[in-house]
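Given next are the chains, with one letter for each unit.
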Amino acid sequence: MAVSHLKGNEWCDENASGLEACPALICHFEEKFNPDLSWNMEYFLGTYGALKYYAWKYFDNMKETELAGIYKAVNEAWQEA
């Protein structure tokens, strides 16, 4: 699921997908903040955050240490941000 999302596969054609989702998320906070759309920001933050965590754990379980390390660092940076 994490790899599919990173490659731009999204269940809804109207949502930004893959790496393009990051600017879309930032835009919600910097340019067009609207408290009525907080559910959308929570979706982005929750879904993308969880995918980073799951990718880290998946690659760790598969003994893909380089990828696990990358996703661990990304997950930790995401949580810190």
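About the criteria used
- Residues numbered from 1 in each chain as written.
- Predicted model: local features only at pLDDT ≥ 70, side-chain atom pairs only at ≥ 80, totals over all residues.
- Heavy atoms only, no water.
- pLDDT = per-residue confidence, 0-100.
- Helix = DSSP H or I, 4+ residues; strand = E, 2+ residues; numbered from the N terminus.
- Core = buried A, V, L, I, M, F, W, Y, C linked by side-chain atoms within 4.5 Å.
- Buried < 20%, exposed > 50% of the residue type's maximum accessible area, 1.4 Å probe, protein only.
- Contact = heavy atoms within 4.5 Å.
- Phe/Tyr/Trp six-rings, centres within 6.5 Å; stacked < 30°, edge-to-face > 60°.
- Lys NZ or Arg CZ within 6 Å of the ring centre and 35° of its normal.
- Axes fitted to C-alpha atoms, helices over the stretch in contact; angles between N-to-C directions.
- Parallel < 35°, antiparallel > 145°, perpendicular 65-115°, else oblique.
- Left-handed = near helix turned anticlockwise from the far one by under 90°.

Draft legend 1. Quick look at the confidence of the model for the chain. Residues of the chain with pLDDT of at least 70 account for 79%, and the chain-wide mean is 80. Between the elements of the chain, mean pLDDT differs from a low of 66, seen in helix α1 (residues 2-6), to a high of 90, seen in helix α4 (residues 65-80).

Draft legend 2. Spatial organisation of the nonpolar core. In this structure, Ala55, Trp56, Phe59, Ala68 and Tyr71 together form the largest nonpolar core, which totals five residues. Ranked by the residues each element gives to this core, the list is headed by helix α3 (residues 38-61), at three residues. Excluding residues within four positions of it along the chain, Trp56 makes contact with Ala68, Tyr71, Lys72 and Asn75.

Draft legend 3. Geometry of unusual backbone geometry. Phi is positive for Lys63, which is not a glycine, with a value near 65°. What makes Lys63 exposed here is its relative accessible area of 67%.

Draft legend 4. Just the packing of aromatic side chains, in detail. In this structure the tally under the stated criterion is four aromatic pairs. Taking 5.8 Å as the distance between ring centres and 65° as the angle between the ring planes, the aromatic pair formed by Tyr53 and Tyr54 counts as edge-to-face. When its relative accessible area of 52% is taken as the criterion, Tyr54 is described as exposed. Grouping aromatic residues by their ring pairs yields a cluster made of Tyr53, Tyr54 and Trp56. A cation over a ring is seen here: Lys52 above Trp78, with NZ or CZ 4.4 Å from the ring centre.

Draft legend 5. Summary view of the packing of helix α2 (residues 21-30) against α3. Running from amino to carboxyl end, α2 crosses α3 at an angle of 140°, the nearest separation of the two axes being 10 Å. Between α2 and α3, the angle falls in the class oblique. The crossing of α2 and α3 is left-handed. From α2, Ala21, Ala24, Leu25, His28 and Phe29 reach across to α3, where they touch Asn40, Met41, Phe44, Leu45 and Tyr48.

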